[in-house]
Amino acid sequence: MREHIKNLLEAELPLVNLESEFLFSELDSLGVTTIMMLLSAEYNIELEACDATPKNFMSIDSIVEMVKSKLQDK
């Protein structure tokens with residue numbers, strides 16, 4: 001799942017270093033929104049504004065954990 005999400009995001013956000021330990025600091029609001037829209041569509045999950053936290057977007061691994069959590073909640 002990690003590689004799939006990374007590849008999906010790299011295609012849409014080529015200038016963002018997705019391996020950064022501080023990914024959230026590299027993203028602007030458009031980047032966060034883009035990630036949320038892509039993941040919502042790809043995994044058929046509902047991501048809301050309250051999910052756009054530094055904790056959830058700290059790294060690619062934290063994004064994967066957020067997706068896994070949303071999939072379990074379905």
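Everything here concerns the structure above.
The rules we used
- Residues numbered from 1 in each chain as written.
- Predicted model: local features only at pLDDT ≥ 70, side-chain atom pairs only at ≥ 80, totals over all residues.
- Heavy atoms only, no water.
- Helix = DSSP H or I, 4+ residues; strand = E, 2+ residues; numbered from the N terminus.
- Rg over C-alpha atoms; globule rule 2.2 N^0.38 Å.
- Areas by Shrake-Rupley, 256 points an atom, 1.4 Å probe, with all protein chains shown as cover.
- Lys, Arg positive; Asp, Glu negative; His and termini not counted.
- Charge placed at Lys NZ, Arg CZ, Asp CG, Glu CD.
- Axes fitted to C-alpha atoms, helices over the stretch in contact; angles between N-to-C directions.
- Parallel < 35°, antiparallel > 145°, perpendicular 65-115°, else oblique.
- Left-handed = near helix turned anticlockwise from the far one by under 90°.
- Contact = heavy atoms within 4.5 Å.
- Nonpolar A, V, L, I, M, F, W, Y, C, P; charged D, E, K, R; others polar.
- Buried < 20%, exposed > 50% of the residue type's maximum accessible area, 1.4 Å probe, protein only.
- Expected span 1.5 Å × (residues − 1).

(A) Region of interest: the overall build of the protein chain. On a plain count of helices and strands, the protein chain comes out with 4 helices and 0 strands. When the helices and strands of the protein chain are placed in sequence order, the string is α-α-α-α. The globule rule puts the C-alpha radius of gyration for 74 residues at 11 Å, and the 11 Å found for the protein chain is close to it. Overall, the C-alpha framework of the protein chain stretches about 30 × 25 × 20 Å when taken along its three principal axes. Of the roughly 4600 Å² of accessible surface on the protein chain, 54% is carried by carbon and sulfur atoms. The centroid of the 6 positive side-chain charges in the protein chain is displaced by 6 Å from the centroid of its 14 negative side-chain charges.

(B) Representation of the packing of helix α3 (residues 29–43) against helix α4 (residues 60–73). Closest axis-to-axis distance for the α3/α4 pair is 12 Å, and the angle between their directions is 40 degrees. The pairing of α3 with α4 is recorded here as oblique in orientation. Relative to α4, the crossing made by α3 is right-handed. Only I63, M66, V67 and L71 of α4 make contact with α3, whose side of the interface consists of I35, L39 and Y43. Among the residues forming the contact of α3 with α4, the class breakdown is 7 nonpolar, no polar and no charged.

(C) The arrangement of unusual backbone geometry in detail. Although it is not a glycine, N44 sits at a positive phi angle of roughly 55 degrees. Turning to its location among the elements, N44 is positioned in the loop between α3 and α4. The class for N44 is exposed, based on a relative accessible area of 59%.

(D) Looking closely at α3. Given a rise of 1.5 Å per residue, 15 residues ought to cover 21 Å, and the 21 Å separating the end C-alpha atoms of α3 matches this to within 8%. Check the buried side of α3 and you find it contacts α1 (2–12), α2 (23–26) and α4. Directly after α3, the chain includes N44, whose backbone phi takes a positive value near 55 degrees.

(E) Structural context of the packing of α1 against α4. Between α1 and α4, the least distance of the axes is 10 Å, while the angle of their chain directions is 110 degrees. Between α1 and α4, the interaxial angle falls into the category roughly perpendicular. Handedness of the crossing formed by α1 with α4: right-handed. Across from R2, I5, K6 and L9 in α1, the residues of α4 making contact are I60, D61, I63, V64 and V67. Counted by class, the contact of α1 with α4 contains 6 nonpolar, no polar and 3 charged residues.

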